[in-house]
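Residue-level listing of the chains:
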Amino acid sequence: MIKIVTVCGAGVGSSLMMRLFSQQILDAEEIEANVEASDISSVDPDSYDILITTSDFADTLRSSSVRIVRMDNMIDKPYLKEQLLETIKNLS
């Protein structure tokens, strides 16, 4: 099962919204994945296959080996879908 984490500053705002959107996309595509939300200070990025966050936080986590999906427009679901599905395809 694919492990995904969405990350924001506090772990309660945009990360929860991105987690919900990601889960909706995955459910619609019938892809099994575990999606969690976290804050930047407590996330262990190497525990996940994919990390979804803003460019600012992605730059902070760039030393990790996790695949990062950068979302600067949190409500752009079509972009999230495109990037998430492409990243999952490249996991194989």
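That block above? That's the structure.
Please read these numbers as outputs of a predicted model, since none were measured by experiment.

Student: Which residues make up the side chain of Ser22, and what values go with them?
Tutor: Along the chain, the position of Ser22 falls in helix α1 (residues 14-28). Excluding anything up to four places from it in sequence, Ser22 contacts Thr6, Val35, Ile52, Leu80 and Leu84.

Student: Break down the pattern of salt bridges for me, with residues and values.
Tutor: Think of it this way: side chains of opposite charge can pair up when their charged atoms draw near. Tallied over the full model, the rule gives two salt bridges. For Glu29, the salt bridge is made with Lys81, and the minimal N-O distance between the two is 3.3 Å. You can see Glu29 sitting in the loop between α1 and β2 (33-39) and its partner Lys81 sitting in helix α3 (residues 77-91), a full 52 residues away along the chain. For Glu29, a relative accessible area of 34% corresponds to the partly exposed category. Its salt-bridge partner being Arg70, residue Asp59 comes within 3.1 Å of it at the nearest N-O pair. With Asp59 in helix α2 (residues 55-60) and Arg70 in strand β4 (residues 67-70), the pair connects residues that are eleven residues apart, well separated along the chain. Residue class for Asp59 comes out partly exposed when judged on its relative accessible area of 34%.

Here is what the cut-offs are and how they apply
Position numbers for residues start from 1 in each chain and track the written sequence from start to end. It should be noted that, the model being predicted, local features are given only for residues of pLDDT at least 70 and side-chain atom pairs only at 80 or more, the latter also being counted only at that level, while totals for whole chains, interfaces and linings use all residues. Values reported for side chains reflect all heavy atoms of the structure, with hydrogen atoms and water molecules removed beforehand. Working definition: helices are DSSP H or I runs of at least four residues, strands are E runs of at least two. Numbering for both runs from the N terminus. When checking whether two residues touch, look at their non-hydrogen atoms; a contact exists if any pair is within 4.5 Å. What counts as a salt bridge is simple: a side-chain nitrogen of Lys or Arg found within 4 Å of a carboxyl oxygen of Asp or Glu. Burial classes follow relative accessibility: with a 1.4 Å probe on protein chains only, a residue under 20% of its type's maximum area counts as buried, one over 50% as exposed, and anything between as partly exposed.

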